[in-house]
Amino acid sequence: MRQISAAGATFNIIDRGAGPAVLLVHGFPLDHTMWHAQLDALSVNNRLIVPDLRGFGRSTVTDGTVTMEQFADDLVALLDALGIQQPVCVCGLSMGGYIALAFWRKYRDRVRSLILCDTRSAADTPEAAAARHTLADKATAEGMEKVAEAMLPKLIHPETPKVRPQVAAAVKQMILGTNPRGAAAALRGMASRPDCADLLPTINVRTLVFAGEKDAISSPDEMRKIAAAIPGATFVEIPEAGHMSPMENPQRVNAELQKFLADELLMR
Ligand code: MLT
């Protein structure tokens, strides 16, 4: 683990391996440990930069609203602080995917390729945005138990608590370990994120899109449509997984990621 100062904050990050850099961006309300099962497999040929985002894990918490653009600004500041100027592969899960799209909108010359995992391109409906504000208030008033109650069943495959109880426990632990103020700021940021449909046809870097077969937040059908709107993108459905596919079926996810990254090495 390293602590890096950038963008007026301190970020807790893993910086592992050597080769073309890959940024692994976690979802909400999680932290960098959600990528634990990818670290050994992917760091053989790539340099992995795996941060706790602002407000999560052991990184600085900012009150108010943290927008997807702010998260993308933070990631670019982190890359600058690490001296990584070559374009990177940006791989984001769910909120991490919203951030990957914000990164593409603002910093496309820093993007070598994109991996969108269990994520969406649509903005929140007014009802969904209102529910996020209510949850943000609940989190700050009552703590993360409320958020865990609301989110856990949506994050994992219905069978996961039975067949992979350690994964269900790790996801719950991450949620309960998240600072409620950090979670609230990201909830407000997600509620205000713009629709990214217009952005998808502009993506002209290699892109992999995948979703767990039982993803209750970003369904395979929705993600297949995202992939169809991105020129040349590949879509993969991950069996035996819900929204947290990299944790729920790491063998299959790692195989897809390794293939995507290996092809990229061959093209260099
Ligand atoms: C996530 O996993 O990052 C969240 O489910 C995203 C969301 O709530 O839209």
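Check the entry above for the structure.
Residues numbered from 1 in each chain as written. Predicted model: local features only at pLDDT ≥ 70, side-chain atom pairs only at ≥ 80, totals over all residues. Heavy atoms only, no water.

## So, the pattern of salt bridges
On inspection of all chains with the given rule, the structure shows 19 salt bridges. A salt bridge links arginine 224 to aspartate 221; its shortest N-O distance comes to 2.8 Å. Here aspartate 221 and arginine 224 lie together in helix α9 (residues 220-229), a separation of three residues that amounts to about one turn. With a shortest N-O distance of 3.0 Å, glutamate 237 and arginine 224 are connected by a salt bridge. A residue pair is termed long-range when its members are at least 10 positions apart, and glutamate 237 in strand β8 (residues 234-238) and arginine 224 in helix α9 qualify at 13 residues. By relative accessible area, arginine 224 is classed as partly exposed at 35%. In this structure, a network of salt bridges that share partners links the residues Arg2, Asp15 and Arg47. (Salt bridge = Lys/Arg side-chain N within 4 Å of Asp/Glu carboxyl O. Helix = DSSP H or I, 4+ residues; strand = E, 2+ residues; numbered from the N terminus. Buried < 20%, exposed > 50% of the residue type's maximum accessible area, 1.4 Å probe, protein only.)

## Some thoughts on the site of the ligand
The environment of the ligand is formed by Gly27, Phe28, Ser94, Met95, Tyr98, Arg132, Met151, Leu155, Met190, Ile217 and His243. Here an oxygen atom of the ligand sits 2.6 Å away from a polar atom, N or O, in the main chain of phenylalanine 28. A distance of 2.8 Å separates an oxygen atom of the ligand from a polar atom in the side chain of arginine 132. Computed on the free molecule, the ligand has an accessible area of 270 Å², of which 95% lies beneath the protein chains in the complex. Here the ligand occupies the largest pocket. Within the residue set of the shell around the ligand, elements represented by two or more residues are α3 (95-107) and α5 (144-155). For the shell around the ligand, a count of residues per class yields seven nonpolar, three polar and one charged. (Near = heavy atom within 4 Å. Polar contact = N/O pair within 3.5 Å; in protein donor to acceptor, adjacent residues only side chain to side chain. Areas by Shrake-Rupley, 256 points an atom, 1.4 Å probe, with all protein chains shown as cover. 1 Å grid on protein atoms, 1.4 Å probe; cavity = no way out; pocket = protein on both sides within 12 Å on 5 of 7 lines; lining within 4 Å. Sits in = over half its atoms within 2 Å of the grid points. Nonpolar A, V, L, I, M, F, W, Y, C, P; charged D, E, K, R; others polar.)

## As for the sheet that holds β8
The strand order across the open sheet formed by eight strands is β1-β2-β4-β3-β5-β6-β7-β8, and the pairing between neighbours is mixed. Looking along the sheet, the strands with just one partner apiece sit at the ends: β1 (2-6) and β8. Across the sheet, the mean angle from the axis of one strand to that of its neighbour is 25°, orientation sign disregarded. Sheet topology places strand β2 (residues 9-16) next to strand β4 (residues 47-51); four bridges connect them, and they run antiparallel. When the sheet's bridge partners are listed, isoleucine 13 is paired in β4 with proline 51. (Pairing = 2+ DSSP bridges. Axes fitted to C-alpha atoms, helices over the stretch in contact; angles between N-to-C directions.)

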